[in-house]
Amino acid sequence: MIELQETNPKEEIDFGQSTLEYQGEYDDQYKLTAIYFRINKCKQIIYYVLLILTLGLLYLFQRWFINLRLFLLFEKCEFGTMTHVLVIKTKNIIPIADDQLCEVTIVKDHPFSKNARVFNYELSDYYIETYTKALVQMRNSFSQYTQERICDMKGLTELTTVYGENIMEIPIKPIPLLLLDEILTPFNIFQFSALALWAYDDYLNYSLFILAITIIQIGIELRDVRQNLLKIQRMIRFNVNVKVIRNNNQITIQSKELIPGDLLIIEGHTKISCDCILIEGNCVMNEAVLTGESVPINKSSLEKNEQLFQQKGNENKMLFCGTTCLRSYSQNGEQAKAIVYQTGFQTLKGSLARSIMFNRTQTFSFYRDSLKYLFVLATLGLIQANITILISGAQGVALGESIINALEIVTIIVPATLPTALGAGISLALKRLEDKSIQCVKPDKINVASKVNLVAFDKTGTLTELGLDVLGCREIKDIGFNKLQMIKDVSEQFNECMGICHSLSIINNEIMGDPIDLCMFQETGWELLEESKIRKGVKEVSVLKRFDFQAELQRMSVITNQYILYCKGSPEQIKNICVNVPTNYNNMLQRYSSQGFRIISCCYRDVAHLNMQQLHKREIYEQNMIFLGFLIFENKLKAETQSTILSLKQSNIKSIMVTGDNPYTAINIGLQCNILDQNSRIFLGFLNNGELYWNEIMQQKTDKADENRSCYSLDSNQVQNLETNEIMKLSCHFQLAITGQVFEHLQYQYAALLDNQQLILNLLQKTYIYSRMKPNNKGDLMLLLRQDILNFIAFCGDGTNDTCALRQADVGLALSLEDASLASPFTSTIFNISNIINLIKEGRACLVTCVECFKFMTLYSCIQSVAVLQCYFYDTDFTQVQYLYQDLWLIIPLAFTMDLTKSYHKLANYRPISNLISLPVLSSVCVIVFISFLAQIVMNQILKHQEFYQQIKIDLVNNDYYMQPNYTNSILLITSSTEILAVAIAYTQGPPFRQAIYKNIYYMIVICLGIIGQIILIFYPNLIEFLNLEVEFPQDFKIYILIVNIIVGIIIIFYEKFVTAKMNQKYAEVEINLGNQN
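Here the structure is a predicted model, which means the values were calculated and not measured.

### A short note on the overall build of the protein chain
Helix and strand counts for the protein chain come out as 31 helices and 46 strands. The long-range fraction of contacts in the protein chain, counting pairs at least 24 apart against all pairs at least 6 apart in sequence, stands at 72%. When the accessible area of the protein chain is evaluated, it comes to approximately 45,800 Å², of which 55% is carbon and sulfur surface.

Structural data, given as structure tokens:
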């Protein structure tokens, strides 16, 4: 039986919660807090009574708001009485997921804790230990076993089903339940209520129209939700036949039957179906599905020693679910074998799928803001409803009919077609993004892209080319360095080091592997015979032992058949293990790295005198090394990098670099690509005894060989250790650069200084270069930058080591087509950063379209509602045909063709207004509603004083009032329709976010048809007699109507195009200034 170990549980003795501090996949770190709740029987009885009294309305509200559900039904409790837990997921005190209420079951015979409380959270099982109250994740761990014990495992003799089947099934609800979820959203509930109301009031045709619109909207949303879930399901679900050894017999089973501890046979050209530990043989793996980089990776078997197994540091001994084994081989001719470690959603690929489904990064939601706006409209509707009841009461109308009329006003003022129109805008934006080679898995993120004012870029493969060019070598000479040489001209020892110390593989007779290794090896003159053997002339060198590259050590090494250990890695780490470091080591390193070159250090050692039985002890060998020299690569910028970042800068969008490279290399690349300003003072942060200090980066002269490159480094004659408060007080323009170590220090300070967190955020606002950043550092940075309410962050990376950041940023753009890119809401099939411009442009165009469509639809509703309110005042109403004329002839065509306007070709230097509860938006709506209301009153009063005016007569048909066209509803129909057309023209915003309106041919056609319809309505109302739209007015009054309507339309258009546009500009300028202050 395999024992499950808790992953760093933090035991807390309290009355109502358990916590788990988790170091997870992709170097994720987060904290889960499970707060104990139980159902309160008294509250439950009261809830059911209220449910009956509110006709089920309370159920909807407790469904939408989890805090209300807790208040109505639950109470906090102690461990023994809990029925549910409220799970809160945080990272450095910052929430990273929505709170979730999970039902708890008591498992009496739980294998790891008697009477454990078990619950499922984010597709993973957890239990709360009965005695310690520790929160533990149900995942396998071999941390209690030594590596030798794991290597000697021969398969399971006792099978266990604790961990469930090894298959990732996403719980996709049946279509009826998905349909129910869509129906029970706030807006759809309102729409169905409106449908029932209009049908009850004998407006059957109009109610059928609302029903059709609602069905279309729900169908689109249902399709999108289901397609996204199925897309993720296709990505992660597979079940194949695998060979395992159980009870010393080799059998074939389905991969879903695998359990931790199974002994799995690994064959070439197969897909790995679980996370497993290689214990025999070697494998060449393609891990592109997880990293986004299609580079073969050599995996070697786990060393047999007495050390306890830890996953961290043994990644090169592990095969991960979803990756492909290109080749497996063994020195003794046996098949490669691996022990099953994690299954199902506990695998690395499973964690990727869970992060896609449950990650919460959205700080801006147009849908959420629109609900607030609609709440304001509904409040206005209720005011109008009360006025309607008062008017109806004064006219002697029955109370029941008065209430119906009042509710109709509310349904008019909140437009039923709004979600469908907004959904169409999003769908068209998705299509335009696809045309620009950008795929999207989270459509709600398109509007968020419009808010972006800070873009973070990975360096290698994103800003710079993935491939490298060899500049040459600087070999050690005496106590200094020799001149720059080509690889073939260096000493035999140095050349042999570069020929054998790498991770290259031969796949289908082609040498493949890391671009740096490949570039280096091709220059050496050696021939690669197989993964562990090279030849030059008659000399052959083979590898006896390989110590794989580890991120913590930043180096790799090999021991050859000549008992020479060769090692290469980062200059900072190699320096620490060498005994003959040149005196100008740091100066030479700084010189080349500050010019943007990438530096690899090489060294060697004779290990023949050591005990070869201790080969597994790496630290014994990697010490007292003899330094060989620097290998220098040139990492060129991609052609589009400079122009793209310059465009972002001109648009007041800040660019930063987040890389794992050397800080001086990063600073130079930052200067080359315009992230850093040439005329700015640059300071590099460092820690000294736990205190943060800053040194200024000074420009120095270069020699003739490097005269085409600028060189920035520390001027040793002018070094000053400035403190942070001195830096922040500088009046000149300055920019900061920090390392991952400094960032971790600032992150700790942010969590500790609860009262002064803004100080840390202000410092990060001045930081443009983040170097030596680990993958989890990148994700943490996105999370921390988002704490500034003015920041909306996009992260652009090639998928390698960027998964955390792509998930945690407000908007992620992956330059990769592999499965790992699905962690990002957007994926570019053009592998350079130019598409970040297109994404922001399309996001802004989409947001402007949504805001304009929203304003248009709500204004149309307001205009129509005040017209209907006046009709009620004169004891009449619009007829069904009149309602349908405005909706089908004007509103629907205008709202949907409005979405067809494309984005402007240039990126504006300010963002569009997104806040619907803002002065420009509210003033625009309120002023135009006031103008429209005033115009309707004036026209109606003028009409009443005409000689031809007749009092309204209502006929009874089947004991019910029969509404028909009359002078009042006809004049109000004409005036309100003109106002709606004027609003449609006024709200068609063109540059700087969208193309000029005349380029939207379909919209222009609809506008022209609307104007023609108005002319027919005024002058030829009986042209289509069976529609019976309105009554005939005298000819001279028709001219009067036309003139007044033209004047009203011009006033509305003038106000929006000049007054509101000016307010929008001022509002944007204030926002830019606020951002610049930081």
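### Remarks on the nonpolar core
In this structure, Val-85, Phe-119, Ile-836 and Phe-856 are the most contacted members of the largest nonpolar core, which totals 184 residues. Ranked by residues supplied to this core, first place goes to helix H26 (residues 835–873) with 21 residues. Each residue touching Phe-856, except ones within four places of it in the same chain, is listed here: Ile-891, Leu-894, Ala-895, Met-898, Ile-980, Val-983, Ala-984 and Tyr-987. Ranked by size, the runner-up nonpolar core spans 30 residues in total, among them Met-556, Ile-564, Cys-602 and Leu-628.

### Here's the deal with the sheet that holds strand E32 (residues 564–569)
Strand pairing in a sheet relies on backbone hydrogen bonds. The paired strands run either parallel or antiparallel. Here nine strands make up an open sheet; going across it, the order is E25-E24-E34-E33-E32-E31-E30-E29-E28 and the pairing antiparallel. The sheet is open, and its two borders are formed by strand E25 (480–485) and strand E28 (527–530), each paired with just one other strand. For this sheet the average axis-to-axis angle between neighbouring strands, irrespective of direction, equals 25°. As paired strands, strand E30 (residues 539–550) and strand E31 (residues 555–560) are joined by five bridges and run antiparallel to one another. Bridge pairing in E31 places Arg-546 opposite Val-558. Helix H17 (residues 585–593) rests against strand E24 (469–477), E25, strand E33 (597–606) and strand E34 (626–634) of the sheet, and its axis sits at about 145° to E33.

### Digging into the sheet that holds strand E8 (residues 105–107)
One open sheet accounts for four strands, arranged E8-E9-E10-E11; its pairing is antiparallel. Pairing within the sheet leaves two strands with one partner each, and these edge strands are E8 and strand E11 (135–137). Going across the sheet, the axis of each strand differs from the next one's by a mean of 35°, ignoring polarity. Summarising the sheet, E8 and strand E9 (residues 116–121) pair through three bridges and their orientation is antiparallel. The residue of E9 that forms the bridge with Ile-106 is Arg-117.

### A look at the pattern of salt bridges
In this structure the tally under the stated criterion is 35 salt bridges. Here Lys-299 and Glu-287 are joined by a salt bridge, their closest N and O atoms 2.8 Å apart. Of the two residues, Lys-299 sits in strand E18 (residues 296–300) while Glu-287 sits in the loop between strand E17 (282–286) and helix H8 (288–291), which places them 12 residues apart along the sequence. In this structure, Lys-299 and Glu-287 share a single accessibility class: buried. Asp-458 serves as the salt-bridge partner of Lys-778, at 3.3 Å between the closest nitrogen and oxygen.

### Overview of empty space enclosed by the protein
Enumeration over the complete set of coordinates arrives at six cavities of 30 Å³ or more. One number sums up the size of the second largest cavity: a volume of about 120 Å³. Lining the second largest cavity are 16 residues, with Tyr-206, Thr-411, Pro-415, Ala-416 and Tyr-860 positioned closest to its centre. At the level of secondary structure, the elements contributing two or more residues to the lining of the second largest cavity comprise helix H6 (186–200), helix H7 (204–236), helix H11 (399–413) and H26. When grouped by side-chain class, the residues that make up the lining of the second largest cavity number 11 nonpolar, four polar and one charged.

### A word on unusual backbone geometry
Excluding glycine, a negative phi dihedral is what most residues carry, and trans is how most peptide bonds are arranged. For the bond from Pro-991 to Pro-992, the omega torsion is 15°, close enough to zero to count as cis. Inspection of the secondary structure puts Pro-992 in the loop between helix H29 (967–986) and helix H30 (1001–1019). The phi torsion at Leu-123 lies on the positive side, around 65°, for a residue other than glycine. Relative to the elements of secondary structure, Leu-123 occurs in the loop between E9 and strand E10 (124–128). Positive phi values are uncommon outside glycine, yet Tyr-563 reaches one of about 60°. By secondary structure assignment, the location of Tyr-563 is in the loop between E31 and E32. Residue classification places Tyr-563 among the partly exposed positions, given a relative accessible area of 34%.

### Structural notes on the pairing of strand E41 (residues 767–771)
Among the five residues of E41, five are classified as buried, and the element is accordingly described as predominantly covered. Sheet topology note: the strand E35 (residues 654–658)/E41 ladder contains two bridges and is parallel. Looking at E41, one finds that Met-657 is bridged to Ile-769. Two strands pair when backbone bridges link them, and strand E40 (residues 734–739) and E41 are joined in this way by four bridges, in the parallel orientation. Its bridge partner lying in E41, Ile-738 is registered against Tyr-770.

### Some details on the packing of H11 against H26
It is at 8 Å that the axes of H11 and H26 come closest, and there the two elements cross at 160°. Here H11 is positioned roughly antiparallel relative to H26, judged by the angle of their axes. H11 and H26 meet at a crossing whose hand is right-handed. Across from Asn-405, Glu-408, Ile-409, Ile-412 and Ile-413 in H11, the residues of H26 making contact are Ser-861, Cys-862, Gln-864, Ser-865, Val-868, Leu-869 and Tyr-872. A per-class count over the contact of H11 with H26 returns seven nonpolar, four polar and one charged.

### Overview of the packing of H6 against H7
Each packed pair of helices is defined by two parameters, the angle between the axes and the distance between the axes. It is the contact of H6 with H7, at a shortest axis distance of 8 Å, that shows an interaxial angle of 160°. Taken together, the axes of H6 and H7 are roughly antiparallel relative to one another. Of the two elements, H6 crosses H7, and the hand of that crossing is left-handed. For the pair H6 and H7, the contacting residues are Asn-188, Gln-191, Phe-192, Leu-195, Trp-198 and Ala-199 in the first and Leu-204, Tyr-206, Ser-207, Ile-210, Leu-211, Thr-214, Gln-217, Ile-218 and Glu-221 in the second. Of the residues belonging to the contact of H6 with H7, the class tally is nine nonpolar, five polar and one charged.

### Examining the environment of Cys-473
Considering the arrangement of structural elements, one finds Cys-473 in strand E24. Judged by relative accessible area, which is 0%, Cys-473 ranks as buried. Ignoring any residue separated from it by four or fewer positions in sequence, one finds Cys-473 in contact with Lys-483, Leu-484, Gln-485, Ile-487, Val-490, Phe-494, Met-498, Phe-630 and Leu-631.

### A closer look at a nonpolar patch on the surface
Together, Trp-889, Leu-900, Ile-1001, Tyr-1002, Ile-1005, Leu-1009, Ile-1012, Ile-1016, Tyr-1020 and Leu-1023 line one region of the surface with nonpolar side chains, adding up to about 980 Å² of accessible area. Broken down by element, the residue count for the nonpolar patch peaks at six residues, all from H30. Looking at where Leu-900 falls in the secondary structure, it is placed in the loop between helix H27 (880–898) and helix H28 (919–944). Judged by relative accessible area, Leu-900 falls into the partly exposed class, the value being 31%.

### Digging into the pairing of strand E43 (residues 811–814)
Burial of E43 is two-sided: the residues Val-811 and Leu-813 facing one way and the residues Gly-812 and Ala-814 facing the other way are all buried. As paired elements, strand E42 (residues 793–797) and E43 share four bridges and run parallel to each other. Within E43, the residue paired with Gly-797 across the bridge is Ala-814. Summarising the sheet, E43 and strand E44 (residues 826–828) pair through two bridges and their orientation is parallel.

### Remarks on the confidence of the model for the protein chain
Low pLDDT means the predicted coordinates in that region are not meant to be read closely. Predicted confidence across the protein chain gives a mean pLDDT of 84, with 90% of residues reaching 70 or more. Ranking the helices and strands of the protein chain by mean pLDDT puts strand E23 (residues 454–457) first, with 96, and strand E1 (residues 9–10) last, with 40. Here residues 1–14 scores under 50 on pLDDT; set against residues more than four positions off or in separate chains, the count is 51 contacts. Taken together, the stretch residues 701–708 has pLDDT below 50 and engages in seven contacts with residues farther than four places along the chain or on a different chain.

### Some details on the side chain of Lys-841
Looking at the element boundaries, Lys-841 is found in helix H26. Despite its burial, Lys-841 pairs with no opposite charge; the closest candidate is Glu-842, at 6.9 Å N-O. Once residues lying within four places of it in the same chain are set aside, the contact partners of Lys-841 are Ser-903, Tyr-904, His-905, Lys-906 and Leu-907.

### A closer look at the packing of aromatic side chains
Overall, the coordinates contain 31 aromatic pairs when judged by the stated rule. Taking the centre distance of 5.2 Å and the plane angle of 65° together, the rings of Tyr-585 and Phe-627 count as edge-to-face. Taken together, the residues span a long stretch of sequence, with Tyr-585 in helix H17 and Phe-627 in strand E34 at a distance of 42 residues. Neither Tyr-585 nor Phe-627 differs from the other in exposure class; each is buried. Here Phe-627 and Phe-630 contribute two aromatic rings whose centre-to-centre distance is 5.6 Å and whose plane-to-plane angle is 75°, an arrangement assigned as edge-to-face. Exposure class is identical for Phe-627 and Phe-630. Each is buried. One aromatic cluster is present, formed by Phe-948, Tyr-949, Tyr-967, Phe-1033, Phe-1037 and Tyr-1040 through successive ring pairs.

Basis of the calculations
Residues numbered from 1 in each chain as written. Predicted model: local features only at pLDDT ≥ 70, side-chain atom pairs only at ≥ 80, totals over all residues. Heavy atoms only, no water. Helix = DSSP H or I, 4+ residues; strand = E, 2+ residues; numbered from the N terminus. Contact = heavy atoms within 4.5 Å. Areas by Shrake-Rupley, 256 points an atom, 1.4 Å probe, with all protein chains shown as cover. Core = buried A, V, L, I, M, F, W, Y, C linked by side-chain atoms within 4.5 Å. Buried < 20%, exposed > 50% of the residue type's maximum accessible area, 1.4 Å probe, protein only. Pairing = 2+ DSSP bridges. Axes fitted to C-alpha atoms, helices over the stretch in contact; angles between N-to-C directions. Salt bridge = Lys/Arg side-chain N within 4 Å of Asp/Glu carboxyl O. 1 Å grid on protein atoms, 1.4 Å probe; cavity = no way out; pocket = protein on both sides within 12 Å on 5 of 7 lines; lining within 4 Å. Points joined across faces, edges and corners; volume = space filled by probe spheres on them. Nonpolar A, V, L, I, M, F, W, Y, C, P; charged D, E, K, R; others polar. Parallel < 35°, antiparallel > 145°, perpendicular 65-115°, else oblique. Left-handed = near helix turned anticlockwise from the far one by under 90°. Patch = residues over 30% accessible without salt bridge, like charges linked within 9 Å, V, L, I, M, F, W, Y side chains within 5 Å. pLDDT = per-residue confidence, 0-100. Lys, Arg positive; Asp, Glu negative; His and termini not counted. Phe/Tyr/Trp six-rings, centres within 6.5 Å; stacked < 30°, edge-to-face > 60°.

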